[in-house]
Amino acid sequence: MGSTRNSHRTGVIRALGFVGQLLRGVVMLGVIGWGALALHFELPGPRPLVVVVIAVWVLIGAAALIAPWQVRRGSPRQSRRARVALAIRLMFTLTLVVLVSWWQSLEPRNDRDWAPDVARQLSVERDGDRVTLHNVRDFEWQTPATAIPRWETREYDLSRLDSVDMIVSYWMGPAIAHTLVSFGFTDGRHLTFSVEIRRERNEAFSISGGFFKQFELNLIAADENDILRLRSNVRGEEVYLYRVGLSPEARRELFLAYLEEASRLRRAPEFYNTLTSNCTTIVFDMVDRIVSGLPRDIRLILSGYLPEYVYDIGGLDTSHPLEFLRERGHINPRARQIPYTAGSEAFSRAIRDGVPAADGEILHASSP
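Treat the numbers as computed from the prediction; the structure is a model and nothing was measured.

1. Notes on a nonpolar patch on the surface
- Taken together, Trp171, Met172, Phe205, Ile207, Phe211, Leu275, Ile298, Ile301, Leu302 and Tyr305 make up a surface patch of nonpolar side chains, about 820 Å² in accessible area.
- Here Leu302 shows up in the loop between helix 6 (281-290) and helix 7 (306-312).
- Taking the relative accessible area as the measure of exposure, Leu302 reaches 31% and is therefore partly exposed.

Encoded structure:
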């Protein structure tokens, strides 16, 4: 009877030990993978040297991963294998400390050799309701990579702020989209804000790189004839426009929040993060400070489903099904009919043709 209990206890201990080793292995593999990707995206120097450093890191990690199995084969005091295994684990720990210290030392900057379309940052002057914006982008795009650059200084009157529209541009499946917000004024002009990665010259966007400090953030203020036409007509993305119901106070506060965000990024550059600091989460954080009670939702990360989220909280025209709003808000057919030379106001009118307005002023600014 006692031997049976001992045997059972031994079996449980061995099972727990196996589970512990399995969990340790999973964590180790995650750390090794993270380190390899961090070095791949951020380690400066010639590419062959970077590859060598990654290979050395992976070899040290792999040796440390199997080290406990070597320790089991002999006494830690007498076995040479055990001493070697312990030395390998210490080497891995020290290497990891160096890697993490290097990673923590990486700081965002505003003085890199930027790609032309994100080379400038928005700057703001304000006098009451009058705001002057420097470095508003109005590029004339020929291809996804080439354009006639134009950076302009524009003045806007906040008392004439008339509408807010959400634009969702799908570039990789139904769950992934880029979110833009466009403000309309009673004089027919529109200004679009877009939180974008700030790429260096000859650098391409990478979702995985967005987790590893590859890009800084930039807040672009642009003409719709530039930033929306680029996505619908030039890149061929599927672009949808939704009219958002915000009170005049909330519209004004959101516009000013964008200006403050632009000023903040000029003062203190920030890294883009695919999960936590992207085109949707930053906009939500701004709106959350203005409109109280907004729920957190996975659709704020899976930005392709953002229209469903805004519809569910009553921010769109709920007198029609969302599918109706999506169909009417698909701007691509209308956008392709308007040449660039027709001008900004003609383009803005065309893409809104037939798009229902929101149900009045549904979302209101929080009381101070």
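2. Observations regarding helix 4 (residues 224-234)
- Extensive coverage of helix 4 is indicated by the burial of 9 of its 11 residues.
- Turning to helix 4, its buried residues are Glu224, Asn225, Asp226, Ile227, Leu228, Arg229, Leu230, Arg231 and Ser232.
- Where helix 4 starts, the residue carrying a side-chain oxygen 2.8 Å from the main-chain nitrogen of Asn225 turns out to be Asp223.
- A positive phi of about 75° marks Gly236, the residue just after helix 4.

3. Topic: the pattern of salt bridges
- Within the structure shown, the criterion is met by 28 salt bridges.
- Measuring nitrogen to oxygen at the nearest pair gives 2.6 Å for the salt bridge that ties Glu224 to Arg352. With Glu224 in helix 4 and Arg352 in helix 10 (residues 344-352), the pair connects residues that are 128 residues apart, well separated along the chain.
- On the basis of relative accessibility, which here comes to 0%, the residue Glu224 falls in the buried class.
- On the basis of relative accessible area, Arg352 is assigned to the buried category, the value being 10%.
- A salt bridge links Arg264 to Glu270; its shortest N-O distance comes to 2.8 Å.

4. Quick look at helix 6
- Burial runs high along helix 6: 7 of the 10 residues are buried.
- Check the buried side of helix 6 and you find it contacts strand 7 (176-185), strand 8 (190-198), strand 9 (216-222), helix 5 (248-267) and helix 7.

5. Some remarks on unusual backbone geometry
- Unlike most non-glycine residues, Asn202 shows phi in positive territory, near 65°.
- Within the element layout of this structure, Asn202 appears in the loop between strand 8 and strand 9.
- Of note, the phi angle at Lys213 is positive, near 55°, even though the residue is not glycine.
- Looking at the element boundaries, Lys213 is found in the loop between strand 8 and strand 9.

6. So, the packing of aromatic side chains
- Taken as a whole and judged by the stated rule, the model has 19 aromatic pairs.
- Centroid distance Trp34 to Trp103: 5.6 Å. Interplanar angle 80°. Geometry classified as edge-to-face. Taken together, the residues Trp34 in helix 1 (residues 2-42) and Trp103 in helix 3 (residues 80-105) connect sequence positions 69 residues apart.
- For Trp103, a relative accessible area of 9% gives the class buried.
- A ring pair is formed by Phe41 and Phe212, whose centres lie 5.8 Å apart and whose planes are at 20°; its orientation type is stacked.

The rules behind these values
Residues numbered from 1 in each chain as written. Predicted model: local features only at pLDDT ≥ 70, side-chain atom pairs only at ≥ 80, totals over all residues. Heavy atoms only, no water. Patch = residues over 30% accessible without salt bridge, like charges linked within 9 Å, V, L, I, M, F, W, Y side chains within 5 Å. Areas by Shrake-Rupley, 256 points an atom, 1.4 Å probe, with all protein chains shown as cover. Salt bridge = Lys/Arg side-chain N within 4 Å of Asp/Glu carboxyl O. Helix = DSSP H or I, 4+ residues; strand = E, 2+ residues; numbered from the N terminus. Buried < 20%, exposed > 50% of the residue type's maximum accessible area, 1.4 Å probe, protein only. Polar contact = N/O pair within 3.5 Å; in protein donor to acceptor, adjacent residues only side chain to side chain. Contact = heavy atoms within 4.5 Å. Phe/Tyr/Trp six-rings, centres within 6.5 Å; stacked < 30°, edge-to-face > 60°.

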